[in-house]
Amino acid sequence: MAAKKAAKKSGAKAGKSKKWVYFFGAGKAEGAGLSKDVLGGKGQGLHEMSRIGLPVPAGFTITIDACAEYYNLGRKFPSGMEAETLKNLEILEKATGKKLGDPADPLLVSVRSGAARSMPGMMETILNLGLNDRSVEGLAKKTGNPRFAYDAYRRFIQMYSTTAMGLSKEPMEEMLHDVKRRLGVKTDPEIPAEPLKKLCQEYKEFYKKNMKGQEFPQDPKEQLWGAIKAVFGSWEAEKAVTYRRVEKITDLKGTAVNVVQMVFGNKGETSGTGVCFTRDPNNGENTFYGDCLINAQGEDVVAGIRTPMKLIELEKRLPKAYKQLCQVRLTLEKHYKDMQDLEFTIEEEKLYMLQCRTGKRSPAATFRIATDLVKEKLISKADAVSRISSEDIERLFYPVIDPSAGKQKLAEARVATGINAVPGAACGQVVFTAADAEAWAAKGKKVILVRRETSPEDVGGMHAAQGILTATGGKTSHAAVVARGWGKCCVVGCEALNISGNSMQVAGKTVKEGDFLTLDGSAGEVYLGELPLKKPELPASYHTLMGWADELRTIKGRPNADTPDDAENAVKMGAEGIGLCRTEHMFFDTEERRLAIQEMIVAETLEARKKALAKLLPIQRDDFAGIFKAMNGKPVTIRLIDPPLHEFTPKDEAGVKKLSDITGLSTQAIWHRCEQLHESNPMLGHRGCRLCITYPEILDMQVTAIIQAAIQVAKQGVKVLPEIMIPLTMDRKELQILKDQAKAIADDLIRKAGSKVSYMIGTMIEIPRAALLADQIAGVAEFFSFGTNDLTQMTLGLSRDDAGRFLPAYVMSEKEGGKAIFRDDPFQSLDQSGVGQLVQMGIAKGRSVRKDLKVGICGEHGGEAKSVKFCVAAGMNYVSCSPYRVPIARLAAAQAAVEAKKK
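Okay, so let's go over this structure. This structure is a prediction, so every number in the text was calculated from the model and none was measured.

One way to put it is that helix 28 (residues 696-715) packs onto helix 29 (residues 732-753) with a least axis distance of 9 Å and a crossing angle of 35°. Note that helix 28 runs across helix 29; the crossing there is right-handed. Where helix 28 abuts helix 29, its residues Pro 696, Leu 699, Asp 700, Val 703, Thr 704, Ile 707, Gln 708 and Ile 711 lie against Leu 738, Gln 741, Ala 742, Ile 745, Ala 746, Leu 749, Ile 750 and Ala 753. Split into classes, the residues belonging to the contact of helix 28 with helix 29 amount to twelve nonpolar, three polar and one charged.

What follows is the structure, given as structure tokens:
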């Protein structure tokens, strides 16, 4: 069905060949209404801007389907595509009144990529296509501007050579720098026409030498086919593949190709080019934001080759074009109802729009823009909530420089100031290549990647780095755009840096590879050394939007919390109870606690074991009391001891000696007991409720501590809702024995205290057999909590601790060297088709017996967005996860509710 819909959208019908090419401009927009999956993001934007009457140069889009078919056919153009392309070229020539390759007045085009999702700088663009040795002279004569003509030609030769033919960019860049050195100039626009003409000849000689005597192509049609192949081919370039891996993009099938009439920002002082955002992508403020260059072409801004001027300066330089650009800004934001990322060119004071797409933004900006658009009545609260991703929330907690460092220390450490491209702070060791950044990060080192400017080839190292620092570029350069998409601290345009090899000079100091730098992406400051970082304060818009999420969702969000401090932090994060309190974690806090549990484990008699447990009772009671106070009327699910006992035993001679001194047992006897506890497969061994079956005194102590704490806190006027959870149940009778034991202790304590504390007793469903027999178990349990960490292990037969050695081969795509058996790591995102069936079955069977059965999840899946949405659909009452993932769970639950209403 999906395939048929896609075919229909792209123009394929029964008995009719598929349409590969769509024209836009000159009053037409053939692709209007088609999706990004057909036209790509760039193509869809061009067609839509053309449809609504904005100034867009004419052109045509070759579809993503054509790219996919190109690869299916072994890198051959699909049948009919070439004929359609030539037909649309004729339409373009007619619309512009120019001919491709005309020696007197040539039509020049750009050939640009455009996938369905933004992949900034990862695929190829070729500008000024159609120039050759004859047409460049015609262009010079027609425009009366030889400098412009040969500047366009040298750019085209370089782009075609490196992009279409795969020649190295560095030698050609060095030739350009040599020209500037000889002339004593710093920037490209200062190079006159004649040196540019000579440079074109040098480029062609370089091409011929490296192409085994083949001349640079002079036939514009040959150039066009070469450029289209280059754009299609860039889909599988290493940088593009790496970016998709990093971004976890797995559902795209290729890139579209946009062939567009060239407009020129390098025609002189009345021309220019720029990239802008309809709102500030760093803080979300409703101000026009961007960079531009006079007398330049688009790649100069994006590549960061020249440090641009701020967009507002354009108002003084080219006021007419700036006024028109401001109107376009308002039109597009109202049309798309979101902040837009725009590319434009001004040719002799006339504005042309080259691209519009939803703009990447910082996490703080994401929340502010969403809430502001609601206030401006452009979108609904539900729309705003749906636009936030789990990554947006995670990135809000990225660090900033701790003010405790002191102003004087900051002033002394500051060595440079650049452009504050992406907010936040980062600290790490300096590396100067992307490859080193990846290699060092793989060894666990935190690094700062320092480059003159970044290019798409650097994307792997950029992702591996804590922060990025460049000597050139502006807020819309490659480094800034890519880093912003990841919420990664970035400072660009730091011209004080003098980089040479594996070191740099800055402020009279030498910074070598491995030295520490701290970046403040919010202020654009660069500091020498390691400065303390801290978590930032959350913006008001975050609390506003999360409040809307809470209004929409139907499922509760609880944290996993093991101490009173954990519980207090969880409440600050919006927790609505505790879904998993792991009592065994309390035993590791202090040496006193560790020794008490170890004393119980090595005890040789019941009396000795009870004596050791008596030491643990007040410790656990105080912890539970602190948690109950922090939660103040919210439910607290407390899991009885779960891990196998060998995890608590001493591991060295010193630990054994201390335990010997306390217990009076010989070190030999203690070592012997430790060996007895060893199990070949402890995760399937003597753990969970099995410990309480064989050592019922452990359950006695823990239940006593829970209920005594509840009675104590209730007397202080605090409402207490304890939920006692018995782990690893596999049988109804097993659970009944332990529930009866726990209930007898709890009821006796409550009766003697004259208290009205109420409690629940339930179990974890983490063994497949428990899910299969859930109807029987629900006859005993008052609530279920699905422990999906263990349920995943036992269902898939994978060890959580050992699978990391081979699981990547199951998750990675074939292009990354894997087999793509799983879409996601099943320990990170719930295996909905396998484990999910057991969860759904368990809920259905449980509620067939106990209609009001409370059901939750307490594995790490409870904080993963896709898994949370599954839990909502499955009918759970709550999800539980680590405290800092509770906001993600709240958001995902709200999004699930919004999606359900749309169905």
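Residue alternation in strand 22 (residues 503-506) divides its side chains into a buried set, Met 504 and Val 506, and an unburied set, Ser 503 and Gln 505. The pairing of strand 21 (residues 498-500) with strand 22 spans three bridges and is antiparallel. The residue bridging Ser 500 from the neighbouring strand is Ser 503, located in strand 22. The turn joining strand 21 and strand 22, which pair antiparallel and follow one another in sequence, is formed by two residues; a positive phi near 65° is taken by Gly 501. Bridging between strand 22 and strand 23 (residues 509-512) involves four bridges; their strand directions are antiparallel. Bridging from a neighbouring strand, Ser 503 pairs with Lys 512 of strand 23. Linking two consecutive strands that pair antiparallel, namely strand 22 and strand 23, is a turn of two residues; a positive phi of about 55° is found at Ala 507 within it.

Two side chains bearing opposite charge may form a pair once their charged atoms approach each other closely. Under the criterion given, the structure shown has 48 salt bridges. With its nearest N and O atoms 3.2 Å apart, the salt bridge here joins Glu 525 to Arg 414. With a gap of 111 residues between them, Glu 525 in strand 25 (residues 525-528) and Arg 414 in strand 15 (residues 414-417) connect regions that are remote in the sequence. Glu 525 sits in the buried class, given a relative accessible area of 14%. For the salt bridge of Asp 748 with Lys 752, the shortest nitrogen-to-oxygen distance reads 3.1 Å. Note that Asp 748 and Lys 752 are positioned in helix 29 at a spacing of four residues, about one turn of the helix. For Asp 748, a relative accessible area of 25% puts it in the partly exposed group.

This brings us to the sheet that holds strand 3 (residues 59-62). Spatially, the six strands line up as an open sheet ordered 2-1-3-8-6-7, and their pairing is antiparallel. The open sheet has two edge strands, strand 2 (28-29) and strand 7 (125-129), and neither has a second partner. Pairing between strand 1 (residues 21-25) and strand 3: four bridges, direction antiparallel. Within the sheet, the bridge partner assigned to Phe 23 lies in strand 3 and is Phe 60. Along the sheet, helix 4 (residues 81-96) makes contact with strand 1, strand 2, strand 3, strand 6 (109-115) and strand 8 (255-261), crossing strand 1 at roughly 10°.

Procedures and definitions
Throughout this description, residue numbers start from 1 for each chain and increase along the sequence as written. Reporting in this predicted model follows two pLDDT cut-offs: at least 70 for local features of residues, and 80 or more for side-chain atom pairs to be given and counted; totals over whole chains, interfaces and linings ignore these cut-offs and use all residues. Water and hydrogen atoms play no part in the side-chain values, which are based on all heavy atoms of the structure. Axes, fitted as lines to C-alpha atoms, cover a helix only where it is in contact. Angles between the N-to-C directions of the axes lie from 0 to 180 degrees. In this description a helix means any DSSP run of H or I spanning at least four residues, a strand means any run of E spanning at least two, and both kinds are numbered starting from the N terminus. Crossings are assigned a handedness: left-handed for a near helix turned anticlockwise from the far helix by less than a right angle, right-handed for a clockwise turn. Any two residues having at least one pair of non-hydrogen atoms within 4.5 Å are treated as being in contact. Any residue that is not Ala, Val, Leu, Ile, Met, Phe, Trp, Tyr, Cys, Pro, Asp, Glu, Lys or Arg is counted as polar, Gly included; the first ten are nonpolar and the last four charged. Residue burial is assigned from relative accessible area. The probe radius is 1.4 Å, only protein chains are included, and a residue is buried under 20% of its type maximum, exposed over 50%, and partly exposed in between. Two strands form a pair only when DSSP identifies at least two bridges running between them. Definition used for salt bridges: Asp or Glu carboxyl oxygen within 4 Å of a side-chain nitrogen of Lys or Arg.

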